[in-house]
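# Per-entry structural report
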Amino acid sequence: MKYLADTANIDEIKELLNYLPIEGVTTNPTLLAHSKKKLSQIIPEILQLLGDKMIHIQVMSEKSEDMLREAKRYRDYFQLNEKYFVKIPVTKEGIRAIKMVKEAGMNVTATAVFTQQQALIAAKAGADFVAPYVNRLDNIGAQGVNVVSDIVKTFTLHSLPCNVLGASFKNVNQVYQVSLNGCHAVTLSYEIFNLLIKHPMTDKGVADFTKDGIPYYDIQF
Ligand code: E4P
């Protein structure tokens, strides 16, 4: 399972890339607004940190032709390569745009996915990733983890080359569950990454090793 960072905060991206096995960054208009930076400023800053890792940038247009133009414009403006994924919401116009963007030779992440059928249709349209929103599903009384699991099963059953990028996580258990269900990738906030690796018994274990070992570890380095 791939881990991606769901943030447009440069300090967070810097730290996550420095410490953890992160394979890319996902952004969306809301995350961009939180960063308080314009697209033209933030994307080059993120790219400089990313090297050859993936970047997923969401289009804002509503009509498919405009989504395609927008996706191409970002590709050219930021000189993006095959690590660029165009994030397209799975509206009717979005599904058409997925086909058009793929035909134009770009990668696609279908986003704002809430059902198995939206995911299947996006995959059939050519999406490389589909991003089901786990916590937003939980918040409307649905089962986000089950939706992810159904999509994974569907793609396997129909031998579709599309990957599931679980998104919108608000607790460690949601990430734990989707990872057991075969989710191919997850995109997580800075806070969730830190919660994932934190355990009081680990901290206590390290503190005990330090106390016990200090008198005996006598080789300088
Ligand atoms: C996915 O690509 C979205 O950026 C994201 O995970 C949505 O999460 P939220 O529900 O925390 O806004």
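First, a word on what this report is: a plain description of the structure on this page. (Residues numbered from 1 in each chain as written. Predicted model: local features only at pLDDT ≥ 70, side-chain atom pairs only at ≥ 80, totals over all residues. Heavy atoms only, no water.)

## Remarks on the pairing of strand S3 (residues 54–58)
With 5 of 5 residues buried, S3 is to be regarded as a mostly interior element. Burial along S3 is two-sided: the residues Met54, His56 and Gln58 and Ile55 and Ile57 are all buried. Judged from the 3 bridges that link them, strand S2 (residues 22–26) and S3 form a sheet pairing that is parallel. Bridging across to S3, Thr26 finds its partner in His56. In this structure, S3 lies alongside strand S4 (residues 84–89), joined through 4 bridges in parallel fashion. Residue pairing in the sheet places Gln58 in a bridge with Lys87 of S4. Regarding the hand of the β-α-β motif, the stretch spanning S3, helix H4 (residues 64–77) and S4 is right-handed. (Buried < 20%, exposed > 50% of the residue type's maximum accessible area, 1.4 Å probe, protein only. Helix = DSSP H or I, 4+ residues; strand = E, 2+ residues; numbered from the N terminus. Pairing = 2+ DSSP bridges. Right-handed = clockwise from strand over helix to strand, strands pointing away.)

## Re the packing of aromatic side chains
Within this structure, the stated rule accounts for 5 aromatic pairs. The interplanar angle of 45° and the centroid separation of 6.3 Å between the aromatic rings of Tyr74 and Phe78 together place this pair among those described as tilted. Note on Tyr74: relative accessible area 14%, which makes it buried. Overall, the relative accessible area of 10% leaves Phe78 in the buried class. One aromatic cluster in this structure is built from Tyr74, Tyr77 and Phe78. (Phe/Tyr/Trp six-rings, centres within 6.5 Å; stacked < 30°, edge-to-face > 60°.)

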